[in-house]
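Breakdown of the fold
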Amino acid sequence: MSGSAPYLRLQGVSKSFGSFTALQDIALDVHEGEFVCFLGPSGCGKTTLLRIIAGLEIQSAGQITQAGVDISALPPSQRDFGIVFQSYALFPNLNVNRNVAYGLENAGSARAATAQRVEELLALVGLPDQGTKYPAQLSGGQQQRVALARALAMSPGLLLLDEPLSALDAQVRGHLRHEIKSLQRRLGVTTIMVTHDQEEALTMADRIVVMDHGVVEQVGTPLEIYREPVSPFVANFIGTMNQLPCEVNGTGGVKLGVLSIACQDHSVESGASAILAIRPEDVIPHGAGARSPGAPDIIETPGNTFDARIEDMEFLGSFFRAELSGQVLGEAHLLADFSINAVRRMGLETGKELTVELPAERVRVYAGTAV
Amino acid sequence: MTDATLNPVSNRGPRARFNLEAWVMRGGIAIAGLFLIVAVILPLYAMLSKSFEDKDGAFIGLTNYVAYFDTPSLSYSISNSLTVSIVATIIVITLAFAYAYAITRTCMRFKGFFRLVALVPILAPSLLPGISFIYMFGKKGFMRELLMGEPIYGFIGIVLGSSFWTFPHALLIMITALSLSDARLYEAAEALRASKLRTFFTVTLPGAKYGVISAIFVVFTLVITDFGVPKVIGGQYSVLATDIYKQVIGQQNFQMGAVVSVMLLIPAVLAFTVDRLVQRRQVALLSARAVPYAPKPSRGRDIGALIFCSVMAGMLLLVLGVAAYASLVKFWPYNLSLGFTHYNFEIMDGGGWGAWFNSMKMAGLTALIGTTLVFTVAYLVEKGQDARFGRVVIQAMAMVPLAVPGMVLGLAYIFFFNNPANPLNGIYATMAILVLSTVAHFYTVAHLTAVTALKQIDGEFESVSSSLKVPFWTTFRRVTVPVCQPAIFSMAVYLFMNAMTTVSAVVFLYSPDTNLASVAVMNMDDAGDIAPAAAMAMMIVYTNLTVVLIYGLLSRLVEKRTQAWRQR
Amino acid sequence: MKIDITKYMTTVATFALAGGLAANAAAAETLTVYTAVEAEDLAKYAAAFNSHHPDIEIKWVRDSTGIVTAKLLAEKDNPQADVVWGLAGTSLILLKGEGMLEPYAPNGVKELDPKFVDSEVPPSWVGMDAWVASVCVNIPEAEAAGLPMPASWKDLTKPVYKDQVIMPNPASSGTGFLDVSSWLQMFGEEGGWAYMDGLHANIARYTHSGSKPCKLAAAGEIPIGISFAFRGAKSKAAGAPLEIVVPSEGVGWDMEAAAIIKGTDAMDSAKKLMDFIVTKEANEMYNAGYAVVAYPGVAKPVEHFPEGLVDAMIDNDFDFAAKNRKSILAEWQKRYDSKSEAK
């Protein structure tokens, strides 16, 4: 994919509203057929960026190229995209057919051709035979499908989805998520979706653009983003991440309390305080005192392990989440996810002592101070 | 890829390419701004500057104002105006609150009927209650004993008349305020065993606080700026609104008229500003999760409410009925046989039946042009994406007319449009200036109606349309207007009825060719032809009633036909 | 009354029809005519004129004398009126002083009583008729209130009439002004104001128009209305229980007069109208409501007119009235304009 020229290229895109900087120097390439998610907390600028791509807002600086054409200064009506909003924005006084046909009619497409295209589109989004209903007579999920059909009607090169699922209830959301993704794959339409829902981004996107405070924090596949978050922000925004205060020692590892811990490569200079990050599910439990010689399941190479105590345990359905304290942790607590099996096998419960391991390939270190 | 490397990325914002839509939008906003500047701002400026000039147009600073305050017969009107306005406001607010309470918070019967009857005064010019009161409380009035010898002409008449015609305005606000309250608060109060009275003072009143405050300012402004009631029944009790008329029409002293206008403008603007400030604080108080309150039956309270509302409704209908009756009596009080002689307007002052036709024409044009204009401007302001500054300025200018009394606007129009140097001088003394002034006079309420309706529709319609390559004007026509149709209808009816009843601005602007029914009422009353004045006032009522009925029928019909989408 | 109405209706209809036909036949010239003549007479006057000149359409602007005067003065730099037909002589003298009138001697003006014509040659204005102050008393209302029938102006200042009298505001009403001017002439400057001070104590309120006090008296709204004889006679004819009193000291009067406004762009039509205004036919028309008209020998007694009215007319000094109009009104407003203020 990376070999071909990008379908959409953003360079140095900035946007400020008065003294407030909504976007700062955004650069991004999106390839043809790709499904990209803009993910971030509200106010991070993701919707503004989407609207700039659509031409609904004009960037304060920067350039946008779509299919090799500089579209930076084009009004929305001269760009090539379809858009779906969180609110659906269906025309309430027009029935489903007329909504979907809205753009086609205006383009002067023949009546029969329009009708056929509308029928196709409705079938595509799974709403055949609903054409004569009015939006108010449809459920939220159905309305959003109509909005999708309408956005696709003009066969746009780029499909923009602005939080399309967030107004729907959880079940419909899950279902529609899957459908949109498979539809996108089938049509091969380059798609950008804005969302604040990490699960949505992880399941739907080919690549995720994590944004915060108007800058791109990280761009990568869902797995990259999850496994190798480049910053504590990304780590925390996607999934749960323990963040423990530590100090970088001379060997490239860190000191957590008195304990030396091996970790992934990082760029923090030695002697500085830093953040040790590890996901709860990456914490490995061992029997109590597993580090000490003579313990029943003694660990041969006891690197990255320490003793801890279960302060609290929460059952979350498929696993338990335990809150651990320990001497090396100092004031901080460590969250660890234990499988039901492990809990049963090791008899884990609140108050229980155990040894935990932080596997070096899962420990990341970031500059800064853990809060 | 190559493109990007060849063209260095500019660090300036892109210069938008020519875009017809954006230019149409900007042009529309510019025209809207220009319209409001010409129709509202410049005339007011002309009026203000006139108050600092002598008869020959030389600037003389505050001399006119000094003269004003040195003439007790003039400056005395300030306290007169304030007194009647405050007293009438207290009366109307109390009654309207009780009436609204009965409608929203009891299980009284015939609520729909009472709600409808209370709106009757809106159909009539404010001159009408004055005329009716002459027959009710005048020297030969059949209810004069109620006043115990006090004359109806003056303070009492103005207060009563003002109370009559401002009642529905206060009531509508109160009903809205009282309907908005949250049932959960009452449940909480009940759970905490608060007494009924305590609940009223701790839950009901605070809940309706902003509505009450708003109603207070609305009624106060309506009364202090009203010209009709004091003109007919004010006797020698001079108030600011009638002073403007006396100075301008009676003595053609335009400079002093401008000074009095400023005196009237001050309380109106103050009331408006304070109300705006208070209302701004309201927003956070209303929770979207509130549960609407549904009253439970309570025999004593419901019967009390029924009696109160019956008395009130009876009085409102009586005032209207008296005018209707008076217009038919041949020679009150000496010949009580009935007939239509007073409807022979041709032999009276005021322009005859032509005045009524003119009024119809004026009201129709105002409704048509006004609604189109106000709605389009509101659309541009609300949905426009460009020219932010321009839109903010237009929004602010659109609020100004609410604070400007009709008399002041009318006088301002004389100054501005009757200036031979004004290129628009040609519309002076024509139907056009009447329509323009009336649209401007009632602009704000229509504008707010349109904005409210527009705010309720999805903000992304324009974005969707442009993504579908459909220009915004097509979406405006195909979607926005049909969706807002109920609001558009009610704007048109509002403008029509007000154009039929208004006297204040147009009294300075009508010409022999463009006599109006409402002005004719005033002129006939002025000439002592009170019965024909009542007849013409009733013609206005009948006209408005017909329009309201047609509106009701039409909107029901149209709703059935085109608003199917509203049904689930 | 009924017959009258029908007659008026017919006239109006004929006029409307004639007007409509004329408008269709030729591009009729329009004269804007300012007037203070009673509204119900306007159609009749226009119809009479149009029977001779169907091609000239009259567009009336009617209001009370004071207002028409003020309006004309205010429009001095940009006159809207072509002709004034039926405005107080005092006002026309005032307008002449302002240089606003176009001198013109209508054909036949020599036939008129010279008293009714501007003394300069050519005259700036010509008179039509005289209208005379009178007091309308509602007999049953006066009896009910226990009021004696007043016989003189001085009677009206008696305490018994407190709040029982209405008179027109002289600033807006010509009738009001001629009352004030006559009192000042009859009782002298000081005596006149002293009289009005006394009268003011009895006045219930001042009205905008001169006919309204009599109409109010006719309707029983007030027992006594200071107005003018013609209005009283009309109300009496309509069935009002009125007595029209001619105060013994004498009554003020003014003439109704006509003139061309300088700067009119319809001079020919304006002259035609002026020619008509002085005709015998027109004077006969004025006589329907006015006992004294400018054309000698025309006047016939008017029904319901009080006896002795003509003899009671004071020897009016129009120049005094015109010259001092502004200062008299200023003084009057200073003293009485806000009735409520005293309380």
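Residues numbered from 1 in each chain as written. Chains lettered and ligands numbered in written order. Predicted model: local features only at pLDDT ≥ 70, side-chain atom pairs only at ≥ 80, totals over all residues. Heavy atoms only, no water.

**Details of the overall build of chain C**
Applicable threshold: What counts as a helix is a DSSP run of H or I of at least four residues, what counts as a strand is a run of E of at least two, and both are numbered from the N terminus. Computation of the radius of gyration draws on C-alpha atoms, with the globule rule given as 2.2 Å multiplied by the number of residues to the power 0.38. In this scheme, a residue with accessible area under 20% of its type's maximum is buried, one over 50% is exposed, and one in between is partly exposed, where area comes from a 1.4 Å probe on protein chains only. The contact rule is simple, with two residues in contact once any of their heavy atoms fall within 4.5 Å.
Assigned secondary structure in chain C consists of twelve helices and eleven strands. Since a compact globule built from 343 residues should have a radius of gyration of about 20 Å, the 20 Å found for chain C is in line with a globular shape. By principal-axis analysis of the C-alpha atoms, chain C measures approximately 60 × 45 × 40 Å. When each of the 343 residues of chain C is scored for burial, the buried share is 61%. In chain C, once contacts between residues fewer than 6 apart in sequence are set aside, the share between residues at least 24 apart is 76%.

**Quick notes on the packing of helix 14 (residues 352-383) of chain B against helix 17 (residues 431-441) of chain B**
Residues and elements named next belong to chain B. In plain terms, the rule: To define axes, lines are fitted to C-alpha atoms, for helices over the stretch in contact only, and angles between the resulting N-to-C directions are given on a 0 to 180 degree scale. Between 65 and 115 degrees an angle is taken as roughly perpendicular, under 35 as roughly parallel, over 145 as roughly antiparallel, and anywhere else as oblique. By definition, turning the near helix anticlockwise from the far helix through less than a right angle yields a left-handed crossing, and turning it clockwise yields a right-handed one.
Packing of helix 14 against helix 17 leaves a shortest axis separation of 9 Å and a crossing angle of 55°. Accordingly, the angle class assigned to the pair helix 14 and helix 17 is oblique. Crossing of helix 14 over helix 17 shows right-handed handedness. Across from Asn358, Lys361, Met362, Leu365, Thr366, Ile369, Gly370 and Leu373 in helix 14, the residues of helix 17 making contact are Met431, Leu434, Val435, Thr438 and Val439.

**Some points on the packing of aromatic side chains**
The condition is simple: Stacked, tilted and edge-to-face are the three classes assigned to paired rings of Phe, Tyr and Trp, where Trp is represented by its six-membered ring and a pair needs centres within 6.5 Å; plane angles under 30 degrees give stacked, over 60 edge-to-face, the rest tilted. The criterion is that NZ of a Lys, or CZ of an Arg, lies within 6 Å of the ring centre and within 35 degrees of the ring normal, and then a charge sits over that ring.
Considering all chains together, one arrives at 50 aromatic pairs over all chains under this definition. Where B:Tyr68 meets B:Phe69, the ring centres are 5.1 Å apart and the plane angle is 90°; that geometry is what we call edge-to-face. Aromatic ring contacts, followed pair by pair, group B:Phe340, B:Tyr343, B:Phe345, B:Trp353, B:Trp356 and B:Phe357 into a single cluster. The ring of A:Tyr226 has A:Arg279 sitting right over it, with the charged end atom 3.9 Å from the ring centre.

**Some details on the pairing of strand 8 (residues 224-228) of chain C**
All names here are of chain C. Keep this limit in mind: Strand pairing is assigned whenever DSSP detects at least two bridges linking the two strands.
Most of strand 8 sits out of view: five of its five residues are buried. The side-chain alternation of strand 8 yields two buried faces, one formed by Ile224, Ile226 and Phe228 and the other by Gly225 and Ser227. Inspection of the sheet shows strand 5 (residues 126-138) paired to strand 8 by five bridges, in the antiparallel sense. The partner of alanine 133 across the bridge, within strand 8, is phenylalanine 228. Here two bridges tie strand 6 (residues 165-168) to strand 8, and the two strands are oriented parallel to one another. Considered in strand 8, the bridge of isoleucine 166 is made with glycine 225.

**Remarks on the interface of chain B and chain C**
Often, the extent of an interface is quoted as the loss of accessible area upon association of its parts. The condition that has to hold: Once two parts are joined, some of their accessible surface, as seen by a 1.4 Å probe, is lost; buried area is that loss totalled over both. Each reported salt bridge corresponds to a side-chain nitrogen of Lys or Arg within 4 Å of a carboxyl oxygen of Asp or Glu. In protein, a polar contact requires one atom able to donate a hydrogen and another able to accept it; more generally it is a pair of N or O atoms within 3.5 Å, and residues adjacent in sequence count only if both atoms are side-chain atoms.
Facing the 39 residues of chain B at the interface are 47 residues of chain C. Surface buried jointly by chain B and chain C totals about 3,500 Å² across both partners, of which 52% is contributed by carbon and sulfur atoms. Considering only the side of chain B, the residues that lose the most area to chain C are B:Gln236, B:Tyr334 and B:Ile347, jointly responsible for 20% of the buried surface there. We note a salt bridge from C:Lys215 to B:Asp529, for which the minimum N-O separation is 2.8 Å. The interface formed by chain B and chain C holds eleven residue pairs in polar contact (both at pLDDT 80 or more) in total.

**Quick notes on the state of the cysteines**
As a reminder of what qualifies: The definition used for a disulfide is geometric: two cysteine sulfur atoms within 2.5 Å.
This model, assessed by the stated rule, comprises one disulfide over all chains. Through a disulfide, C:Cys136 is tied to C:Cys214; the S-S separation comes to 2.1 Å. In this structure the cystine formed by C:Cys136 and C:Cys214 twists about its S-S bond by roughly -90°; its chirality is therefore left-handed. Taken together, the residues span a long stretch of sequence, with C:Cys136 in strand 5 and C:Cys214 in helix 7 (residues 212-218) at a distance of 78 residues. Comparing C:Cys136 with C:Cys214 shows no difference in burial state: the two are buried. Of all cysteine sulfurs in the structure, the one in A:Cys37 sits closest to A:Cys44, which takes part in no disulfide; the separation is 12 Å. Assessed through its relative accessible area of 1%, A:Cys44 is described here as buried. Its sulfur unpaired, B:Cys309 is 13 Å from the next cysteine sulfur, which belongs to B:Cys107.

**So, a nonpolar patch on the surface**
All names here are of chain B. Definition in use: In this scheme, patches are assembled from residues that exceed 30% relative accessible area and form no salt bridge. Like charges are connected within 9 Å, while nonpolar side chains (Val, Leu, Ile, Met, Phe, Trp, Tyr) are connected within 5 Å. Residue exposure ignores everything except the shown protein chains as possible cover, and the areas themselves are Shrake-Rupley values with a 1.4 Å probe.
Judged by side-chain polarity, Ile303, Ile307, Val311 and Met315 come together as a nonpolar surface patch covering roughly 370 Å² of accessible area. Relative to the elements of secondary structure, valine 311 occurs in helix 13 (residues 299-326). Residue classification places valine 311 among the partly exposed residues on the basis of a relative accessible area of 46%.

**A short note on the packing of helix 16 (residues 406-417) of chain B against helix 17 of chain B**
Residue and element names in this part refer to chain B. For the record, the criterion: Note on residue classes: Ala, Val, Leu, Ile, Met, Phe, Trp, Tyr, Cys and Pro are nonpolar, Asp, Glu, Lys and Arg are charged, and everything else, Gly too, is polar.
In contact at an axis separation of 11 Å, helix 16 and helix 17 are set at 135° when each is read in the N-to-C sense. By the angle between their axes, helix 16 is oblique relative to helix 17. Where helix 16 crosses over helix 17, the handedness of that crossing is right-handed. Two secondary-structure elements touch here, helix 16 through Gly406, Leu409, Tyr413 and Phe417 and helix 17 through Ile433, Leu436, Ser437, Ala440 and His441. Among the residues forming the contact of helix 16 with helix 17, the class breakdown is six nonpolar, three polar and no charged.

**Overview of the domain arrangement of chain C**
All names here are of chain C. Applied cut-off: Domain boundaries shown here were taken from an automatic or database domain assignment.
You can read the domains of chain C as domain 1 (8-130 + 255-293) and domain 2 (131-253 + 309-339). If you average the C-alpha positions of domain 1 and of domain 2, the two centres end up 27 Å apart. Contacts between the two partners involve 24 residues from domain 1, matched on the other side by 22 residues from domain 2. In total, about 1,900 Å² of surface goes out of reach between domain 1 and domain 2, with carbon and sulfur atoms giving 65% of it. Of all residues in domain 1, Glu38, Thr90 and Met255 give up the largest surface area on contact with domain 2, accounting jointly for 27% of the area buried on that side. Our count for the domain 1 to domain 2 interface comes out at one salt bridge. Salt-bridge contacts for lysine 234 lead to aspartate 41; the nearest nitrogen and oxygen are separated by 3.3 Å. Taken together, domain 1 and domain 2 are joined by three residue pairs in polar contact (both at pLDDT 80 or more).

**Focus: the sheet that holds strand 3 (residues 35-39) of chain A**
All names here are of chain A. One open sheet accounts for six strands, arranged 6-7-8-3-9-10; its pairing is mixed. With partners counted over all chains shown, the strands left at the sheet margins are strand 6 (82-85) and strand 10 (215-220), one partner each. The mean inter-strand angle of the sheet, taken between neighbouring strand axes irrespective of direction, is 15°. As judged from the five bridges shared by strand 7 (residues 158-162) and strand 8 (residues 190-195), these two strands associate in the parallel manner. Looking across to strand 8, one finds that leucine 158 is bridged to threonine 190. Sheet strands touched by helix 1 (residues 46-54): strand 3, strand 6, strand 7, strand 8 and strand 9 (207-212). Its angle to strand 7, the strand with the most contacts, is close to 150°. Along the sheet, helix 4 (residues 140-152) makes contact with strand 6 and strand 7, crossing strand 6 at roughly 165°.

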